[in-house]
Structures are given as structure tokens and as C-alpha cells.
Amino acid sequence: MHIVIAMDKFAGTLTAPEAVQAVTAGWLRTSPDDTVTGVPMSDGGPGFLDSLADAFEGRRRFGEQLATVTGPLGTEVTGRYLIELSGGPAGEADVAGHPTAYIEVAEACGLHLVPAEQRDAKAATTYGVGELIAAALDDGAERLVIGLGGTCTTDGGAGLLAALGAEPAEVLRAGGGALKSLHSLDLTEPRRRLEGVEIVIASDVDNPLLGLRGAAAVFGPQKGATDDDVQRLDAALTHFAELAGAIGQEPGALRRTLDAPGAGAGGGLGYGLMLLGGRRVPGIRTVIAETGLADLIAEADLVITGEGRFDHSSLGGKVPTGVAEAALASGRPCLVLAGLVEVGKRELAAAGFAAAYEVAEQAGSTQEAMAHAEFHLTALAERVAKSWAHA
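Residues numbered from 1 in each chain as written. Predicted model: local features only at pLDDT ≥ 70, side-chain atom pairs only at ≥ 80, totals over all residues. Heavy atoms only, no water.

Draft legend 1. Representation of the overall build of the protein. When its secondary structure is counted, the protein shows 18 helices and 13 strands. Whereas a compact globule of 391 residues would reach a radius of gyration of roughly 21 Å, the protein reaches 21 Å, a difference of no more than 12%. C-alpha atoms of the protein, sized along the principal axes, occupy 65 × 50 × 40 Å. In the protein, which comprises 391 residues, the proportion classed as buried is 56%. (Helix = DSSP H or I, 4+ residues; strand = E, 2+ residues; numbered from the N terminus. Rg over C-alpha atoms; globule rule 2.2 N^0.38 Å. Buried < 20%, exposed > 50% of the residue type's maximum accessible area, 1.4 Å probe, protein only.)

Draft legend 2. Fine view of the side chain of Thr126. Position of Thr126 relative to the elements: it lies in the loop between helix H3 (106-109) and helix H4 (127-138). Judged by relative accessible area, which is 0%, Thr126 ranks as buried. A polar atom in the side chain of Thr126 sits 2.9 Å from the backbone nitrogen of Leu160. Once residues lying within four places of it in the same chain are set aside, the contact partners of Thr126 are Cys109, Thr153, Asp155, Gly157, Ala158, Gly159, Leu160 and Leu269. (Polar contact = N/O pair within 3.5 Å; in protein donor to acceptor, adjacent residues only side chain to side chain. Contact = heavy atoms within 4.5 Å.)

Draft legend 3. Expanded view of the sheet that holds strand S1 (residues 2-7). Spatial strand order, S2-S1-S9-S11-S13: 5 strands in an open sheet with parallel pairing. One side of each edge strand has no neighbouring strand; the edge strands of this open sheet are strand S2 (35-38) and strand S13 (355-358). Going across the sheet, the axis of each strand differs from the next one's by a mean of 20°, ignoring polarity. Pairing of S1 with strand S9 (residues 302-306) involves 5 bridges; the strand directions are parallel. When the sheet's bridge partners are listed, Val4 is paired in S9 with Val303. (Pairing = 2+ DSSP bridges. Axes fitted to C-alpha atoms, helices over the stretch in contact; angles between N-to-C directions.)

Draft legend 4. Focus on the pattern of salt bridges. Under the definition given, this model contains 13 salt bridges. Measuring nitrogen to oxygen at the nearest pair gives 3.3 Å for the salt bridge that ties Glu198 to Arg143. Placement of the pair is Glu198 in strand S7 (residues 198-203) and Arg143 in strand S6 (residues 143-147), with a sequence separation of 55 residues. The class of Glu198 is partly exposed, set by a relative accessible area of 30%. Asp206 serves as the salt-bridge partner of Arg213, at 3.1 Å between the closest nitrogen and oxygen. Classification of Arg213 by relative accessible area gives partly exposed; the value is 43%. We classify Asp206 as partly exposed; its relative accessible area is 40%. Connected via shared salt-bridge partners are Asp50, Glu64, Arg80 and Glu107. (Salt bridge = Lys/Arg side-chain N within 4 Å of Asp/Glu carboxyl O.)

Right, dumping it as C-alpha cells:
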């Protein structure tokens, strides 16, 4: 048999590559003669670069670059980006052969870069993300695929715009709280620099910029924002958007951009990128296209996917559902191996899954499953293979 294993991370315990390795090892214990193709996956958040780097390994025109950039609270951090000189999905040159850069925003403004006690949603900046984009442009990138998620910022992408030349830079790079003091906004330079550059925004988050489902209200609290901070940030983002909407947009364009799915992703980074012409695409679909997963599945007999918690939110565009859709398109059965499974059999079947298996059940408890995640995921895959290896 030929098995494709396309796993997301198990948050807090295993990265996506580690999850793929664990399932592969378990499967091959039972059926060592099978062919296994592992593809770490991401929905655009943390792990986005790792999943792509694994898929791109061995390509002659692919490379990983490092850049020293401004971290979310002003100290320097080292961020990565990937460059695929041939461009296009799955490494195939697109019509114009545009070089493609892949950027994970969490590399420059990720929640993991700031200890919990130091998180400040009002002050955190996306300036370093703009610096990563500038470095990629200097490398000749003409197409940007940007994974959004896992940020500690709520600045509407203002810092990113400042790093690319927007003015007044001092205010724009000072975090979302400072945006209320803006008196003007000049986006001439960033729009000039990005003219003709395709910007793909990869995110599973479809929230608008403002309001009850907006960047501040939904994601601000996990970034250290109090109830009062959320109100102040939403007001500041509203003011920022009003200024942005006064710059050369046709009537109604501001409202469409504010309400666009994904404008609130990454603390409003989605909005900032949309001001530069970016288009949002569901993150998992982007990763499937860029890794060539659909073609791999078409050659396989069975597909395995999974994540830490497989619940009803997983059915709304996260990794397992995206993989299952790709498997269904090729008529291949798809299994889920997850830390916890909270979806019923009928919902599983309706979403295109053949079966789901739980690590916590294998381990005896959730606590044990998390404490020794790799061991128990490997054991679960070994057990599952006994039922499916020769199905």
C-alpha cells in the first residue's frame, strides 16, 4: 500500500513534522513494506514554514533565508522566510515564472516571542513582518504567500506598512494603541513597492477587522488585552481604517475591506495586507496547493491526517477537513488520528472521513496522552495499521 500522512501540529506537544514522524513509525512497525509519504501541514499559523520547507526539500531552486528584524516589543529577533525561485504551486513555474517568497508572520510577531507576563496588545508591533517582506522583495520575490496566525499584535498591520515606507512611521510602528493619535496616513511608498507583486494571505481565520467578531474583541484577550483595552484598540483600529479609506479608494471600498473575511486575522494584519492588494485564501487550501498534496493523494491508497483536538471547529476549514476534501476528490479513504476526538460518527462521515481514532483513549487519559504524546501517537498508528494496512 501507499499511504499519505498529512498531519497538523498537536499544540503544546508535537510539531507537525514530529506528528508525521510518529505516525509513520507506528504504521511501518505493523506494515514495513508499505510506502509512506509524509507531508507536515499547517493552516497558515505557526508551523506554516516548517510544513512548506519539508515539502520543498531537495528542490534545486528552493532556499531558506534568515533576517534580523524588529520583534513585537522592539527587541531584535531572527526571522526566516523561504524563497522558491521557480514560483507557483508545488514548485512549478507559474505563467510568468515569478519568484515566490513564503513568510510566516509569527516569525516576527508571534505570541511565543513574548512571555505571558509581558504581553501588551496595545504596544506590540508588526514592524518586523514588514521587514521580512522587504528582505524578500530585495531577494527578487514577485509573489508573496504569507501565513497569518499566532500573533501577539493588534495593530491592523500598521507596523508592517511603516516598515515598507508608510508615514508617519513613528506612530504606525508603535502598536495598535498608538493609532488613535494618527492625524494622517500616507501609503504611497508601500503601494509603490508592492505594485505588481501578488500577495496571497493564507489564514483559516475569517473575522472582519472591527466589531464583536473583530481583531480586538476576539483575539485581544489572549494577547494580554483587558476589556478596556479591547474597546480602546477597536476604536483605534476604526480611526486607522477611516484614514486608510480616505486614500484613493472608490466609494464603498473601505466597507468591503473592513468586512472582508480575514481582515481581522493576525490582529488585523489581514487588513493591512489587503490595503496593499492582498487576497485572502483559506490557509489549508494554500498549503495543499503549494505542497502538491492533491497529486500525492491521487497516487495513494489511503490518507491519514490529524491534529491535537479534532472538534467541531476542525470542520470549518482546518487541516483535517482540507485534507479530507482532497482525499474525497481522488476517491481515497481518509482517517483522523487526534489527541482528542469530539466529533460524532455522522458528522465524520458527512465531512468525508472514514474513521477517527483518539490518542487519549489509547493512552488511558488526556494527561498521559499529552505527557508522552509521541509514544502514544506512534502506538495508536501501529494499532490502526493492523485494521487498515491491507484493507
